[in-house]
Amino acid sequence: MIVFPNAKINLGLNVLRRRSDGYHEIETCFYPVPWKEALEAVPANKFSMDFSGIFIPGEGKNIVEKAFEALRSNHDLIGASVHLHKVIPIGAGLGGGSADGAFALKLFNELFKLGLNESALEAIASSLGADCAFFIKNRPAFASGIGEKLEEIAPVLNGMHIVMVYPNLHISTKEAYGSISPSVPGITIREIIEKRHVNQWEGLLVNDFEKPLFRKYPVMQQLKKSLYEKGAIYAAMSGSGSTVFGIFQSPPPTMEFPEEFVVFSGEL
């Protein structure tokens, strides 16, 4: 059985306050985008996993294996042979790892006929990562708390086009959050998205990470400027990673980027 975990972008991101447990409370809008990788699994006598595509750094268990173990703790699962073809860049603010975890839960649920509903899967996904639960339903949602409290919203970008550019910069969550001072804005992200058209978002719908990270990595600011120059009606940094995206009302013109950059373009 094979599934295709997709990326997400953040439409705005406000870091509101730091909690006593070290996490930060945020508000943002998660929006699924069609940049996908492939995850395949078949039943086996034990769990094993191999990879292709983008190299995944670090040691320890991959989130897909953690998803399997989370299910095995309450269900009679023996094993699975799993292959992940990694396409979504890492440290890019696109949620690729979280998507892998959530789609793995859905895959194993179906493969082993566990019968878990979306609410049950979301609860397990939340234990894997703050934004992992979003990818269970995989529909546009306003997110609060540490990203785990979700309220679905209308798909405001339907029929538009997106260009996402990853400038080959890995920005860790620790680095990103260490660069900002939390604050509560005068207008919420939900109000902006629900009451303003996309072509009114520029300068109003902001990502709090942009100012400090654009100063540190000027190439990201230049990417945003270039997307606007090419006709984007809205452009921004996604999440706390280094990807910059532009929203276009019609198919975007051809754009040239350095060969080491990773670019995705598609219809939403």
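Because the structure is predicted, anything quoted here is derived from the model rather than measured.

J.: I'd like a rundown of the pairing of strand E5 (residues 48–53), residues and numbers included.
T.: Summarising the sheet, E5 and strand E6 (residues 80–86) pair through six bridges and their orientation is parallel. Paired with Phe 51 across the strands is Leu 84, a residue of E6.

J.: Now, about the nonpolar core: what can you tell me, with residues and values included?
T.: Membership of the largest hydrophobic core comes to 55 residues, with the highest contact counts inside it found for Leu 11 and Ile 247. Among all residues touching Ile 247, those that are not within four sequence positions of it are Leu 157, Met 160, His 161, Ile 162, Val 198, Ala 232, Ile 233, Tyr 234 and Leu 268. In terms of nonpolar packing, the next biggest core, distinct from the first, is built from 33 residues, Leu 77, Val 82, Leu 114 and Phe 135 among them.

J.: An account of the sheet that holds strand E8 (residues 149–152) is needed here, citing residue identities and associated values.
T.: Spatial ordering of the open sheet is given by E2-E3-E7-E8, a layout of four strands whose pairing is antiparallel. Edge positions in the open sheet fall to strand E2 (6–18) and E8, since each of these has one partner strand only. Strand-to-strand twist across the sheet, computed as the mean angle between neighbouring axes with direction ignored, equals 20°. With ten bridges connecting them, E2 and strand E3 (residues 24–36) associate as antiparallel partners. Bridging across to E3, Asn 14 finds its partner in Glu 27.

J.: Residue-level account of the sheet that holds strand E9 (residues 161–166), with values.
T.: The four strands are arranged E10-E11-E9-E12 in an open sheet whose pairing can be described as antiparallel. Edge strands, defined here as strands with exactly one partner in the open sheet, are strand E10 (234–237) and strand E12 (262–267). Across this sheet, the average inter-strand angle for adjacent strands is 15°, counted without regard to direction. Across four bridges, the pairing between E10 and strand E11 (residues 244–248) is antiparallel. Paired with Ala 235 across the strands is Gly 246, a residue of E11. This element, helix H8 (residues 218–229), spans E9, E10 and E11 of the sheet and lies at about 10° to E11.

J.: Tell me about the environment of Met 164, residues and numbers included.
T.: Relative to the assigned elements, Met 164 resides in strand E9. Ignoring any residue separated from it by four or fewer positions in sequence, one finds Met 164 in contact with Ile 9, Val 33, Trp 35, Leu 94, Thr 243, Val 244, Phe 245, Val 262, Val 263 and Phe 264.

J.: How would you explain the pattern of salt bridges if you had to name every residue and give the values?
T.: For side chains bearing opposite charge, pairing can occur when the charged atoms are close. By the definition in use, this model includes eleven salt bridges. Put simply, Arg 139 and Glu 152 hold a salt bridge, and the shortest N to O gap is 2.9 Å. Taken together, the positions of Arg 139 in the loop between helix H4 (134–137) and strand E7 (141–144) and Glu 152 in strand E8 put the pair 13 residues apart, joining distant regions of the chain. Among the residues examined, Arg 139 registers a relative accessible area of 37% and is labelled partly exposed. Close ionic contact of Glu 194 with Arg 190 constitutes a salt bridge, the shortest N to O distance being 3.1 Å. Here Glu 194 and its partner Arg 190 are both found in helix H6 (residues 189–195), four residues apart, which amounts to about one turn of the helix. Residues participating in the shared-partner salt-bridge network are Glu 37, Lys 86 and Asp 100.

J.: An account of unusual backbone geometry is needed here, citing residue identities and associated values.
T.: Positive phi outside glycine occurs at Lys 113, with the angle close to 50°. Assignment of secondary structure puts Lys 113 in the loop between helix H2 (96–111) and helix H3 (118–128). The exposure class of Lys 113 is exposed, given its relative accessible area of 72%. Phi at Asn 168 takes a positive value of approximately 60°, unusual for a residue other than glycine. Checked against the element boundaries, Asn 168 lands in the loop between E9 and helix H5 (173–177).

Thresholds, definitions, all that
Counting from 1, residues in each chain are numbered in the order their sequence is written. Selection of residues for local features in this predicted model requires a pLDDT of at least 70, selection of side-chain atom pairs for listing and counting requires 80 or more, and totals for whole chains, interfaces and linings are taken over all residues. To obtain the side-chain values, all non-hydrogen atoms of the structure were used and water was disregarded. When DSSP finds at least two bridges between two strands, those strands are taken to pair. Think of it this way: any DSSP run of H or I at least four residues long counts as a helix, any run of E at least two long counts as a strand, and we number them from the N terminus. Residues grouped as a nonpolar core are buried Ala, Val, Leu, Ile, Met, Phe, Trp, Tyr and Cys residues, joined through side-chain atoms within 4.5 Å. When accessible area is computed with a 1.4 Å probe and restricted to protein chains, residues below 20% of their type maximum are described as buried, those above 50% as exposed, and intermediate ones as partly exposed. Contacts were defined at the residue level, with two residues in contact if any of their heavy atoms lie within 4.5 Å. Orientation is described by lines fitted to C-alpha atoms, with helices fitted over the stretch in contact, and by angles between N-to-C directions that extend from 0 to 180 degrees. Between Lys or Arg on one side and Asp or Glu on the other, a salt bridge is scored when a side-chain nitrogen of the former is within 4 Å of a carboxyl oxygen of the latter.

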